[in-house]
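Each chain is listed here by its residues.
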Protein chains: 2
Amino acid sequence: MREVAIIGIGQTPVDEHWDKSLKELAGEAIFAALNDAGRETAEAMYIGNMLSGILSKQENLGALISDWIGLPGMEAEKVEAACGSGAAAFRAGLIAVSSEDVESALVVGVEKMTESLPIETTEALATAADADYEAAQGLSFVAINALVMQLYLHTYGWKHTDFAPFSINSHANALHNPYARLHEAITQKDYLNARMVAAPINLLDASPTGDGAAAVLLVPADSLSTLSRLVIKVVGSASATDSIAIHSRKDPIWLTAAEKSARRAYEQARVGPQEIDFFELHDAFSIMSVLSLEACGFAERGKGPTLGLDGEITVKGRIPITTRGGLKARGHPVGATGVYQIVEAVQQLRGEAAPTQVEGARIGMAQNIGGSGATIITHILKAE
Amino acid sequence: MREVAIIGIGQTPVDEHWDKSLKELAGEAIFAALNDAGRETAEAMYIGNMLSGILSKQENLGALISDWIGLPGMEAEKVEAACGSGAAAFRAGLIAVSSEDVESALVVGVEKMTESLPIETTEALATAADADYEAAQGLSFVAINALVMQLYLHTYGWKHTDFAPFSINSHANALHNPYARLHEAITQKDYLNARMVAAPINLLDASPTGDGAAAVLLVPADSLSTLSRLVIKVVGSASATDSIAIHSRKDPIWLTAAEKSARRAYEQARVGPQEIDFFELHDAFSIMSVLSLEACGFAERGKGPTLGLDGEITVKGRIPITTRGGLKARGHPVGATGVYQIVEAVQQLRGEAAPTQVEGARIGMAQNIGGSGATIITHILKAE
């Protein structure tokens, strides 16, 4: 296996893009990534997407998008792991380049969600859960996460209000990200007064969906001149699963798959949580921020909320998270999210994230989750 | 890159499996492959599937299936390239093992199609085509292939009846395959009298869909004892795309992506068409057999039907095709088909395909197509 570097990044704003189709969004992000890298093409493309078949009646995205961007002929395919599709596609591209099978790989995450009726989107998102034992019983995706949060509050004795810092932090960081879906600072009072969605999850615990695409270009690290600017390498990559239905898990408030994939990524990168300068985690719901921080070794079991209450998750804190707004405020175009996280991590490592730049950021971690902790993919990037 | 070997194969019959869900079908094929290999587990799993989101309201198949087979925790993801999903997943598993990222990979192709209404399946299959410019205009998938066949007949002056040998051959071979969907020999007269579907494609030009799963287990070739039985290696693997809509192609009756991916696979395997002992091609429609044979160098442009008329495609012929029944008679559970082809190629190379065994088969090729020639993936296997 050879080392792989990210030499180009691109993204569209996460928004309701009424004037842009799925392929147009993907193309916009891809061209931005190619331009950023100073390249015109790539050998293969890996597409992270969850819902195109259901919501856009379009599969075969590999052929569709390579055709649309004027590169018909290239190898291209879609990789799906529910809301973890973006990181799964990134990992596929990474392995293809590291295996020497291809010399350059585009990875694009794309999702088009807002053209459908909300009930259609809710039903489509429920395909991430167990169709027989969860969705068929009427459990929507937010309802599953509400059960998890309720159990967490009950088990460890936290109050709902203790989760406010996570949402406030994401909104504060998104204010400075032109690609974010939400540009509005929120306060503790806003959080407390937000409309209930599925108790205890209220509107400010939950991330908004959206249309969007993000892309990166991967090449072998040894193909880059040592005289060139900073090289961003992928030094850790691992994926793990857990039972798809939460009731099958021994401990529904512990992300076993996050722990497994993070541990493997740490080993590969030869670092531990203490060396991670920032963590782009999967805050689809505020409870997931807490569970991710605990499973990845940043907080003791049951103590995750402390990091928020102590201000350690802000860009000036001990472990800055969701530095560009996270899912909560940048938005969560589900199959694209994992690639947005990588793009944002590269911005931090390049020092292009002012005014939410993490000072001296050299090692960043990104973690993308498919289903309610069912598929979890962790990447560690390093600037050299 | 290290060499990769296939050490286990498994499959379910292609059928209407009213008593088995998608995950049960997948599990049956996986356990058969593990048993065949004498193994109990694998490090990662790559799932070829096209329609689970639309027809079964279930995505996140990686977590679902690893959980179901009692191996929650393993890395697992779905790969989608329309009807080429099976080979795309196989290629993903192959690259993962060859890259040294994993030491063993399960690949399973699975599709559950017959529980839905025929109109739902037809609409779902149309997601392989261009949603904006083909499907939205009312072009079903069979209608697209009918246009291609009509143009081929017109351009080269063949008659519809000249395609009969392809369907007759597939049905004859399937008679001896217990996993095939159709076990009925057909005659020239049956072919001529078959009910029209979309002129000139009649019922005996078209493959039946079905429920089914096929699986293989991949490991590094150098991990196998040289004293062990025959080693089946993957010596060529390549994927290419073409424009998704047929009207965008310069030549709609030439499979550019088949030519590209086959050429690359030949180069990797250091063979040419003359060294291929049999060819498991993608006969979703009889016209596709002809186009595949031409694009891969087995017949001159416009001369493909000759191979059928001269008896060269039977197991005793110069280039035996669809030796276990092909899509036409083994059946076409779309996202699973590419893995069925690999399983059948391994049966031939092991000498386990009597009475349709190709004598002395040592090098076999399998080619899987997503959309109407839009994504084409070619593999070459060799027994050593």
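None of the values given here were measured: they were computed from a predicted structure. (Residues numbered from 1 in each chain as written. Chains lettered and ligands numbered in written order. Predicted model: local features only at pLDDT ≥ 70, side-chain atom pairs only at ≥ 80, totals over all residues. Heavy atoms only, no water.)

1. Observations concerning the overall build of chain A
Part 1 of the argument: Scanning chain A for helices and strands turns up 13 helices and eleven strands.
Part 2 of the argument: For a compact globule of 384 residues, the expected C-alpha radius of gyration is about 21 Å, and chain A comes in at 19 Å, within 12% of that figure.
Part 3 of the argument: Counting only C-alpha atoms and orienting by the principal axes, one finds that chain A spans roughly 55 × 45 × 40 Å.
Part 4 of the argument: Counting contacts in chain A only where the partners sit at least 6 residues apart, residues at least 24 apart contribute 79% of the total.
Part 5 of the argument: When the accessible surface of chain A is totalled, it reaches about 12500 Å², and 52% of it is carbon and sulfur.
Part 6 of the argument: In chain A, which carries 30 positive and 46 negative side-chain charges, the distance between the mean positions of the two groups comes to 4 Å. (Helix = DSSP H or I, 4+ residues; strand = E, 2+ residues; numbered from the N terminus. Rg over C-alpha atoms; globule rule 2.2 N^0.38 Å. Contact = heavy atoms within 4.5 Å. Areas by Shrake-Rupley, 256 points an atom, 1.4 Å probe, with all protein chains shown as cover. Lys, Arg positive; Asp, Glu negative; His and termini not counted. Charge placed at Lys NZ, Arg CZ, Asp CG, Glu CD.)

2. As for the packing of aromatic side chains
Aromatic ring pairs are described here by two measures, namely the spacing of the ring centres and the angle between the planes.
Residues and elements named next belong to chain A.
Part 1 of the argument: Summed over the entire model, instances satisfying the criterion amount to six aromatic pairs over all chains.
Part 2 of the argument: Geometrically, the ring pair formed by Y152 and F163 is edge-to-face, given 6.1 Å between the ring centres and 80° between the ring planes. Taken as a pair, Y152 in helix α6 (residues 141-156) and F163 in the loop between α6 and α7 (164-174) lie far apart in primary sequence, eleven residues in all. We note that Y152, like F163, is buried.
Part 3 of the argument: Taken together, Y152, Y156 and F163 form an aromatic cluster joined through their ring pairs.
Part 4 of the argument: The positively charged end of R301 is found above the aromatic ring belonging to W254, 4.1 Å away from the centroid. (Phe/Tyr/Trp six-rings, centres within 6.5 Å; stacked < 30°, edge-to-face > 60°. Buried < 20%, exposed > 50% of the residue type's maximum accessible area, 1.4 Å probe, protein only. Lys NZ or Arg CZ within 6 Å of the ring centre and 35° of its normal.)

3. Some points on the relation of the copies chain A and chain B
Part 1 of the argument: Rotating chain A by 180° and translating it 0.0 Å along the rotation axis places it on chain B, where the RMSD comes to 0.0 Å. Both copies of the chain, as the preceding transformation shows, are related through a two-fold rotation axis. Using C-alpha coordinates, one finds that chain A approaches the rotation axis most closely at S99 of chain A, a distance of 2.0 Å.
Part 2 of the argument: When the interface residues of chain A are mapped onto chain B, 100% of them again lie at the interface, so the same face is used by both copies. (Least-squares fit on C-alpha atoms with pLDDT ≥ 70 in both.)

4. Description of the confidence of the model for chain A
Part 1 of the argument: Looking at chain A, pLDDT values average 97 and 99% of them are 70 or higher.
Part 2 of the argument: Here the complex is predicted with pTM 0.97, and the ipTM for its interfaces comes to 0.96. (pLDDT = per-residue confidence, 0-100.)

5. Points about the side chain of Q357 of chain A
Residues and elements named next belong to chain A.
Part 1 of the argument: In this structure, Q357 sits in the loop between α13 (337-350) and β10 (363-370).
Part 2 of the argument: Of note is the side chain of Q357, whose polar atom sits 3.3 Å from the backbone nitrogen of E352.
Part 3 of the argument: Setting aside chain neighbours within four positions, we find Q357 in contact with V315, Q347, Q348, G351 and E352. (Polar contact = N/O pair within 3.5 Å; in protein donor to acceptor, adjacent residues only side chain to side chain.)

6. Side note on the interface of chain A and chain B
Part 1 of the argument: Listed as interface residues are 56 residues of chain A and, on the opposing side, 56 residues of chain B.
Part 2 of the argument: Where chain A touches chain B, the interface holds eight salt bridges.
Part 3 of the argument: Salt-bridge contacts for D132 of chain A lead to K23 of chain B; the nearest nitrogen and oxygen are separated by 3.6 Å.
Part 4 of the argument: The tally of links between chain A and chain B comes to 32 residue pairs in polar contact (both at pLDDT 80 or more).
Part 5 of the argument: Those elements giving two or more residues to the side of chain A that touches chain B turn out to be α2 (52-55), α3 (61-68), β3 (75-80), α4 (85-98), β8 (232-241) and α9 (256-269) of chain A.
Part 6 of the argument: Taken together, the residues that form the side of chain A that touches chain B break down as 23 nonpolar, 16 polar and 17 charged.
Part 7 of the argument: Sheet topology places β3 of chain A next to strand β3 (residues 75-80) of chain B; three bridges connect them, and they run antiparallel. Its bridge partner lying in β3 of chain B, V79 of chain A is registered against V79 of chain B. (Salt bridge = Lys/Arg side-chain N within 4 Å of Asp/Glu carboxyl O. Nonpolar A, V, L, I, M, F, W, Y, C, P; charged D, E, K, R; others polar. Pairing = 2+ DSSP bridges.)

7. Some words on α4 of chain A
All names here are of chain A.
Part 1 of the argument: If you check α4, its first and last C-alpha atoms are 20 Å apart, about what 14 residues at 1.5 Å a residue would give, namely 20 Å.
Part 2 of the argument: Along α4, 14 of the 14 residues are buried, which leaves the element largely enclosed by surrounding structure.
Part 3 of the argument: A positive phi of about 75° marks E100, the residue just after α4. (Expected span 1.5 Å × (residues − 1).)

8. A few points about the pairing of strand β4 (residues 105-111) of chain A
Residues and elements named next belong to chain A.
Part 1 of the argument: Burial of β4 is extensive: seven of the seven residues sit out of reach of the surface.
Part 2 of the argument: Side chains A105, V107, G109 and E111 of β4 all project onto a buried face; the interleaved residues L106, V108 and V110 project onto the opposite face, where all are buried too.
Part 3 of the argument: As paired elements, β4 and strand β7 (residues 212-220) share seven bridges and run antiparallel to each other. Its bridge partner being in β7, V107 is matched across the sheet by V216.

9. Comments concerning the pairing of β3 of chain B
Two faces belong to every sheet, and in a regular strand the side chains alternate between them.
All names here are of chain B.
Part 1 of the argument: The element β3 is largely enclosed, with a buried count of six among its six residues.
Part 2 of the argument: Residues E75, E77 and V79 line one face of β3 and the alternating positions A76, K78 and E80 line the opposite face, and both faces are buried.
Part 3 of the argument: When strand β2 (residues 44-48) meets β3, the two strands line up parallel, connected through five bridges. Residue pairing for β3: M45 is matched across the bridge by A76.

10. Observations regarding the environment of V339 of chain A
Residues and elements named next belong to chain A.
Part 1 of the argument: Note on placement: V339 falls in helix α13.
Part 2 of the argument: Separated by 232 residues in sequence, V339 and V107 place their C-alpha atoms 7.7 Å apart.
Part 3 of the argument: Setting aside chain neighbours within four positions, we find V339 in contact with G86, V107, V108, G109, A214, A215 and V216.

11. Re the side chain of D205 of chain A
Residues and elements named next belong to chain A.
Part 1 of the argument: The topology assignment puts D205 in the loop between β6 (201-202) and β7.
Part 2 of the argument: Here D205 is buried and forms no salt bridge, its nearest opposite-charge partner K328 lying at an N-O distance of 8.4 Å.
Part 3 of the argument: Here the side chain of D205 touches H160 through a polar contact of 2.6 Å, side chain to side chain.
Part 4 of the argument: Within the structure, D205 has its side chain in polar contact with the side chain of S286 (distance 2.6 Å).

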